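Chain residues, written in single-letter form:
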Amino acid sequence: MEPWIVLSLAAAAFQTLRFVLQKHLSMGALSAGGATLARFVYSAPFIVALTLAYLVLKGAAFPGHVPIFWAYATVGGLSQILATWCVVALFAQRNFAVGITLKKTEVIQTALVGLLVLGDRISAVGMGAILLGLVGVLVLSETPGFEGRGWRRLGNRAVGLGLASGAFFAISAVGYRGATLSVASDDPLLRAGLSLAIVTVMQAAALSLWLMWREPGQVARVIAARRTAVWIGLTGMAGSLCWFTAFTLENAAMVFAVGQVEVIFSLFASVLFFGERITSREGWGIALITISVIAVMAVR
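These numbers were taken from a predicted model, which means no experiment stands behind them. (Residues numbered from 1 in each chain as written. Predicted model: local features only at pLDDT ≥ 70, side-chain atom pairs only at ≥ 80, totals over all residues. Heavy atoms only, no water.)

Topic: the overall build of the protein chain
The helix and strand tally for the protein chain stands at 14 helices and 0 strands. Each helix and strand of the protein chain, placed in order from N terminus to C terminus, yields the pattern α-α-α-α-α-α-α-α-α-α-α-α-α-α. Counting across all 300 residues of the protein chain, residues that qualify as buried make up 52%. When the accessible surface of the protein chain is totalled, it reaches about 13500 Å², and 71% of it is carbon and sulfur. (Helix = DSSP H or I, 4+ residues; strand = E, 2+ residues; numbered from the N terminus. Buried < 20%, exposed > 50% of the residue type's maximum accessible area, 1.4 Å probe, protein only. Areas by Shrake-Rupley, 256 points an atom, 1.4 Å probe, with all protein chains shown as cover.)

Structural notes on the side chain of serine 172
Relative to the helices and strands, serine 172 is located in helix H8 (residues 157-181). Among the residues examined, serine 172 registers a relative accessible area of 4% and is labelled buried. If near-sequence neighbours (up to four positions away) are discounted, serine 172 is found in contact with Gly76, Ser79 and Gln80. (Contact = heavy atoms within 4.5 Å.)

With respect to the environment of alanine 60
Summarising the element assignment, alanine 60 is placed in the loop between helix H3 (44-58) and helix H4 (68-90). A C-alpha to C-alpha distance of 9.6 Å links alanine 60 and leucine 190, two positions 130 residues apart in sequence.

Some words on the confidence of the model for the protein chain
Per-chain confidence: the protein chain averages 79 in pLDDT, with 77% of residues scoring 70 or above. Contacts of residues 143-148 to residues separated by more than four positions or lying in other chains number 7 contacts, the stretch itself having pLDDT below 50. (pLDDT = per-residue confidence, 0-100.)

What to know about the packing of H4 against helix H9 (residues 188-214)
Interhelical geometry of H4 versus H9 gives an angle of 55° and a closest axis separation of 9 Å. Taken together, H4 and H9 sit at an angle that is classed as oblique. Seen from above, H4 lies across H9 with right-handed handedness. Only Ser195, Ile198, Val199, Met202, Gln203, Leu207, Trp210 and Leu211 of H9 make contact with H4, whose side of the interface consists of Phe69, Trp70, Ala73, Thr74, Gly77, Gln80, Ile81 and Trp85. Split by residue class, the contact of H4 with H9 holds 11 nonpolar, 5 polar and no charged. (Axes fitted to C-alpha atoms, helices over the stretch in contact; angles between N-to-C directions. Parallel < 35°, antiparallel > 145°, perpendicular 65-115°, else oblique. Left-handed = near helix turned anticlockwise from the far one by under 90°. Nonpolar A, V, L, I, M, F, W, Y, C, P; charged D, E, K, R; others polar.)

Remarks on the nonpolar core
Membership of the largest hydrophobic core comes to 26 residues, with the highest contact counts inside it found for Ile47, Phe247 and Val255. Contributing elements (two or more residues each) for this core: helix H1 (3-26), H4, H8, H9, helix H11 (226-249) and helix H12 (252-258). Per-element accounting of this core gives the leading share, 7 residues, to H11. Beyond its immediate chain neighbours, meaning those up to four positions away, phenylalanine 247 contacts Ala173, Tyr176, Arg177, Thr180, Ala252 and Val255. (Core = buried A, V, L, I, M, F, W, Y, C linked by side-chain atoms within 4.5 Å.)

Some words on H11
In an α-helix, one full turn covers 3.6 residues, which means residues spaced three or four apart are oriented alike. Compared with an ideal rise of 1.5 Å per residue, which puts 24 residues at 34 Å, H11 spans 34 Å between its outermost C-alpha atoms and is within 8% of the ideal. Burial of H11 is extensive: 17 of the 24 residues sit out of reach of the surface. (Expected span 1.5 Å × (residues − 1).)

Looking at the environment of leucine 90
Residue position: leucine 90 is located in helix H4. Under the relative-accessibility criterion, leucine 90 is labelled buried at 0%. The sequence separation of leucine 90 and leucine 161 amounts to 71 residues, and the corresponding C-alpha distance is 5.9 Å.

Examining the packing of aromatic side chains
The tally for this structure, following the rule as stated, stands at 4 aromatic pairs. Their ring planes at 85° and their centres at 5.3 Å tell us that phenylalanine 69 and tryptophan 70 sit as a pair that is edge-to-face. Overall, phenylalanine 69 belongs to the buried group, its relative accessible area being 1%. Assessed through its relative accessible area of 39%, tryptophan 70 is described here as partly exposed. With a centroid separation of 4.4 Å and an interplanar angle of 35°, the aromatic rings of tyrosine 176 and phenylalanine 244 are classed as tilted. Linking tyrosine 176 in helix H8 with phenylalanine 244 in helix H11, this pair joins segments that are 68 residues apart in sequence. Here tyrosine 176 matches phenylalanine 244 in class, with each residue buried. A cation over an aromatic ring shows up here: arginine 214 above the ring of tryptophan 213, its NZ or CZ 5.1 Å from the ring centre. (Phe/Tyr/Trp six-rings, centres within 6.5 Å; stacked < 30°, edge-to-face > 60°. Lys NZ or Arg CZ within 6 Å of the ring centre and 35° of its normal.)

Some details on a nonpolar patch on the surface
A cluster of nonpolar side chains, namely Leu17, Ile264, Phe268, Val271, Leu272 and Phe273, defines an oily patch on the protein surface of about 630 Å² accessible area. Considering each element in turn, the nonpolar patch owes the most residues, 5 residues, to helix H13 (residues 261-274). Locating isoleucine 264 in the fold gives a position in helix H13. For isoleucine 264, a relative accessible area of 45% gives the class partly exposed. (Patch = residues over 30% accessible without salt bridge, like charges linked within 9 Å, V, L, I, M, F, W, Y side chains within 5 Å. Salt bridge = Lys/Arg side-chain N within 4 Å of Asp/Glu carboxyl O.)

Structure below.
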């Protein structure tokens, strides 16, 4: 099995565990913003230390980079903050597995953005797969107490957060791949580690300042929740390092295709950790979106 496939599978597993911990904290101890900050602020020290240790062990100097690295890193980092915030907020609207599945529309959105921005052609089979995913979103968008039907369901908060998270994760993946490829090194782990360290430090600092301004006291709550939050940081670091390294070895679309196993992992997490039940309707929606994203990647 190729290394990037193993890394993608590991990244999906770590990411599922991290979202489990973030949902747990967002259900009482922290706001969506606080749970998002925990992911970055507790990852930064570990990834910086790990990267420096790797440089020392390899006897290597800091590699150079092209100027566009900072643009890729900034766009990717900001998009990941917004995407993570959307996912954590989504957990308050729907159960864990459904939230993760709506996030996975990132693959469908990547195909649509490629068509609109780059003029990438999509075959009839590919368009059919995209439409199948839209049907899955409509199925999953049935929120209790919401009176709308059909297309009007797309206007509810849960679907909006799910689609937004998918869009931001798609942008962040492209940004991170661009950043890692802008580092002047032949070592994929060094490129990934250095890029991740810089991005995570920027994310932790920027989001801390934002929360101190918009949600006074939330940073203190993140520190107080450190016994659980530190595990968010560790699993987040492990997952991101796997994603970043995979992005240096294969294009983001292929990495995301393998990463769809996160939907399956989330089903197990939903039942085992939260005692949630997947209804037959939600099961069909999850199945339709899963088939859709796999089909989209198969025809690209």
